[in-house]
Amino acid sequence: MDAASAVSDVPSAKRPPAAWPTFGQTQRFLALSILIGLFAGLLVVCFHITIQFLGWFTLGTPVGASWRRTLLAPAIGGLVATALVRYVFRKARGSGVNHTKAALYVYDGHVPFSTVIGKFLACSISIGSGNSLGPEDPALQMGAGVASLLGRLFDVDKDHMRLIAPVGAAAGLAAAFNTPITAVLFVIEEVVASWDAGVLGSIVLAAVSAVVVVRWFLGDQPLFHAPAFKLTHPSELIVYAGIGVVGGLLAVLFVKLIARLHIGLARLPKRTTILWPVVAGLLVGGFGLFLPQVMGAGYDAIDSALRDQFVWQTLLMLGIVKMVATLLCFSAETPGGMFAPTLFTGAMVGGGIGALAHLYWPFPTSTAGAYVLVGMGTFFAGVFRAPMTSIFMVFEVSASYEVILPVMIANTIAYLISRQLQPVPFFEMIARQEGVDLPSVEEERERQPMLVEAAMQRGTILTLSADMPVESALSALESAALPYGLVAVERGNWSWVTREDLDAAVHGGRGSDTIRQAFPLEPTPRLYPDLALDTALRLLGPHRLLPVLSRARTGQVLGILTLEDIHRAYGVRQADHAA
Amino acid sequence: MTTTTPRYTATILVLILLFIGTGFLARAYRTERQARAEHQFAVGQQLNRAGRKNVALAHYRTALQIEPGNPRYELALALVLVDLGHLGEAESHLQELLQQDPTNGLLNLTMARVAVREGRVDSAVTYYHRAIYGLWPEKPNTNRIDTRLELIAYLAKTGSRQQRIAELVQLRSELPVDPALKQRVAGLFMAAGSPQDAAGLYRELTQAKPSNAEAWAGLGEAEFELADYQAAQAAFRRAATYHAKDPNLAVRLAWVNEYLSLDPTWDRLAAIERARRIRRLVGLTLAALNSCLDRHDAAIPDAVQTLANQAGTLLDSRRRVRNPVQAADGELSLTEQLWRAKQSLCPEPAGADTPLAALLDRLTRPPLERAQSRTH
């Protein structure tokens, strides 16, 4: 990618003085990111409005809503939405995050535009009709789809094209959630797994442009009106840790139940699958008759909880019922995302525990609103295994520095519990259910690369001066019984010679020449003990060996690295290598 | 690049069209949202006026849910939440509104009321002050005065007397020409234990309207508290002339009359009258002492018995004295000793504020203190 951009950045004489500035690929990609953000933002604004209109049309307003509508709307909406993705927009089925990852790792950035239309229509209907799902994942996928279309339209090169889906995904997520930092982090943490400056810049630009568009049309009201956070007493941190434990355990239970339900539903006859969303919708509608807050994305209910509207019993009940409702809708393959429901469950359970602590904890505590805020990220961190996103999401929503410590404690605990008890991350599990084997970003993130220090040879190095006669160098190597030696060239650089080279030079009558005269001494790349071994392998290239130098003392040789050393470290057998 | 230029142009055109289209859609959405929210709000207002606050609450919540951030809806919701005692939720909305409009008088007043109900005294006082010095779009002076009156009433329950008087002094300086309000403030000064300030206000009221019977009654009370019984008597008499409705007026006037009829220390009193009053005081004090001795079970100290005998002898003797003034001074001294003896054996119970007790308490105080509390 860098090479490609470097080449294209060179001004070409053949290029005409076009009406548009002659940008290089990188600059064009950055400009395109802004365009992607604008388009994704507009799309998400329309998506949001459509969901709202459909919600008013199907469910009416919460006060005095008809029980028939409440009961039937999610079922009918679920049926229509599922039929759309099953029979009309087949590629719009499944998780948006996984689709984006597939575009990045499998399809070279290609996301069919039909997924955008399919997701838009199906998810508007399912979420608008009250199914317990959120709009963020579809928005993320729509952003990726728009980005992919624009990339194809502008003939973006292959390397950039692969990255275009995550850029669009960040824009879509940022627009849906109105939180650019969270969107950027999520895409980095869950999709790209790279902090490359070029990628990051594009993602940030797209996310910010999308949020600007959303705020332009829908106003700059925050998604939640978080209370001013204050740690009332240090012992509250224990309660926050407890929320993390409960959030983590619930997340494990939730993911395991999704897996079990998937297996159970798979045993049912194929022709019944279209009825699953109907059953799930009816159950959600049934819950909605008593707890209307569990219907739809549930942002309003989170906001109400943040304002201390509910007592602890209601909070806990809402959290559990929402979890069940989401489990049903998601397992029934009703189109929609999981972000909002996970936030909802975490917020309500956290709030419930906090409200209980407020009543019975022996020390002063904050009101439930503060616990709702902290709890919000725990279930999310446990389910999606995106701890950084969950922490910054709460931070971004609350705009409070003081909330960071409790959030870090609670979310990290939830994340660690989830990791311990649920080996397969949620998105990987879903991808496997969908029949795709995508790389696990979590595993990628945590993979420890093998370092040069694990393979290098120490203590068997012969260093030769470039001005040394070839004969002397050969005898030195022979007396040390070494096949090669390092040659010091100017300014702390090193080169190398082998005993065969020296021997050939002596037999060719150049024994009295210096090494510098006898051989073209090209400085070799430098290795350091902390360098990844696969990087060293690439640097090794045509060289027989490379010096491993000290970072603390410039020019000091700590050892050498040969291809054989690398093979040995990786466990490649010589016979295989020879073969 | 040349081939991409039309694509750029087309894309920008599409973007512009999408912007316009989304703009229309957003406008339609806002209109619909506003209409729905306004409908819910109107229903809520109706229900609230009808006293069905619980149902109104649901409509206010829905209105705000449909159109988040609307200050009108949020304020109505916050007020009804306060009325229904959902203080935590109300506070959240009020804080949000205050972030947008920190000098709003009504918001600060409502926050003060929330703090009052949550028992946060300092916070309540702070919000009351912010409300007093905040902005009121309608009737600012009336609202500010009402708020300060509410603060004073709150301080009467919880705050220090000094803080209460400080608020009253501030209020007095801001009072408009409103006799009823001035009279109320004078009453508050009295309740706060500052009769001096109350008397000043009552005097202003009586000067402005000499037939203001209630003001005269109030002035009488203030002067009475200040132990200026002559002024109190004059004020009570004026109040009685104008038929003040105060039920205690007759009792107070009788008390003052009794006190003044006993008081021998008035400068302009004739020597004979003074001697007569002192003699009467000796009789009344001796009667009080005897009553005390009758109830007293323990042995009576000799000194007390001697004093009682001395007073009895004095009252029984009918001889004329050569120098009545000199004799009166001695009798006054005897009266004071009798009262001290009586007080040492049978202290007056709290609240037993008879004219005789009040007078003798004053007379038996040290000279400097007595001079300060003289009636004249």
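Residues numbered from 1 in each chain as written. Chains lettered and ligands numbered in written order. Predicted model: local features only at pLDDT ≥ 70, side-chain atom pairs only at ≥ 80, totals over all residues.

(A) Region of the structure containing the overall build of chain B. A count of helical and extended segments in chain B gives 18 helices and zero strands. Computed over the C-alpha atoms, the radius of gyration of chain B is 36 Å, more than 25% above the 21 Å expected from 2.2 N^0.38 for a compact globule of 376 residues. Expressed as lengths along the three principal axes of its C-alpha atoms, the size of chain B is roughly 140 × 50 × 45 Å. Out of the 376 residues belonging to chain B, those deemed buried represent 35%. Contacts in chain B between residues far apart in sequence, at least 24 positions, make up 52% of those at least 6 positions apart. (Helix = DSSP H or I, 4+ residues; strand = E, 2+ residues; numbered from the N terminus. Rg over C-alpha atoms; globule rule 2.2 N^0.38 Å. Buried ≥ 20, exposed ≤ 12 C-beta atoms within 10 Å, placed from the backbone. Contact = placed C-beta atoms within 7 Å.)

(B) Focus on the environment of B:Ala76. Within the secondary structure, B:Ala76 is located in helix H3 (residues 71–84). Sequence-wise, B:Ala76 and B:Leu64 are 12 residues apart; in three dimensions their C-alpha atoms are separated by 9.8 Å.

(C) Structural detail: the domain arrangement of chain B. Here chain B is partitioned into domain 1 (177–262) and domain 2 (271–372). Listed per partner, the contact involves four residues of domain 1 of chain B and seven residues of domain 2 of chain B. (Domains from an automatic or database assignment.)

(D) How the structure looks around the interface of chain A and chain B. Taken together, the 33 residues of chain A in the interface contact 28 residues of chain B. If you list the elements that add at least two residues to the side of chain A that touches chain B, you get helix H2 (25–59) and helix H9 (197–218) of chain A. In terms of residue count, H2(A) provides more of the side of chain A that touches chain B than any other element does, nine residues in total. By residue class, the composition of the side of chain A that touches chain B is 20 nonpolar, eight polar and five charged. (Nonpolar A, V, L, I, M, F, W, Y, C, P; charged D, E, K, R; others polar.)

(E) Examining the nonpolar core more closely. Ranked by internal contacts, the top residues of the largest apolar core, which has 152 residues, are A:Ala170 and A:Ala207. The residues that make up this core include at least three from each of domain 1 (22–218) and domain 2 (236–445) of chain A. If near-sequence neighbours (up to four positions away) are discounted, A:Ala170 is found in contact with A:Ala183, A:Val184, A:Val187, A:Ile203, A:Ala206 and A:Ala207. Of all hydrophobic cores here, the second largest spans 82 residues; its members include B:Ala76, B:Leu94, B:Leu106 and B:Val282. (Core = buried A, V, L, I, M, F, W, Y, C linked by C-beta atoms within 7 Å.)

(F) The domain arrangement of chain A, seen in detail. Segmenting chain A into domains produces domain 1 (22–218), domain 2 (236–445) and domain 3 (452–578). Spacing between the C-alpha centres of domain 2 of chain A and domain 3 of chain A amounts to 57 Å.

(G) Molecular detail of the sheet that holds strand S3 (residues 494–498) of chain A. Residue and element names in this part refer to chain A. One open sheet holds the three strands; their spatial order is S1-S2-S3, and the pairing between them is mixed. Edge positions in the sheet fall to strand S1 (463–465) and S3, since each of these pairs with one other strand and no more. Recorded for the sheet is a direction-independent mean angle of 40° between the axes of neighbouring strands. Where strand S2 (residues 484–488) meets S3, five bridges bridge the pair, whose relative direction is antiparallel. Bridged to Ala488 within S3 is Trp494. (Pairing = 2+ DSSP bridges. Axes fitted to C-alpha atoms, helices over the stretch in contact; angles between N-to-C directions.)

(H) Structural context of helix H7 (residues 140–158) of chain B. All names here are of chain B. Taking 1.5 Å per residue as the helical rise, H7 with its 19 residues ought to reach 27 Å, and the 27 Å between its terminal C-alpha atoms agrees with that figure. Three or more residues of H7 are buried, namely Thr147, Arg148, Leu151, Ile152, Tyr154 and Leu155. Projected onto a plane normal to the axis of H7, the buried residues spread over an arc of 165° and lie on a single side. Relative to its buried face, H7 has exposed residues pointing more than 90 degrees away, namely Ala153 and Lys157. Against the buried residues of H7 lie helix H5 (105–117), helix H6 (121–132), helix H8 (161–174) and helix H9 (179–191). (Expected span 1.5 Å × (residues − 1). Arc of directions from axis to C-beta.)

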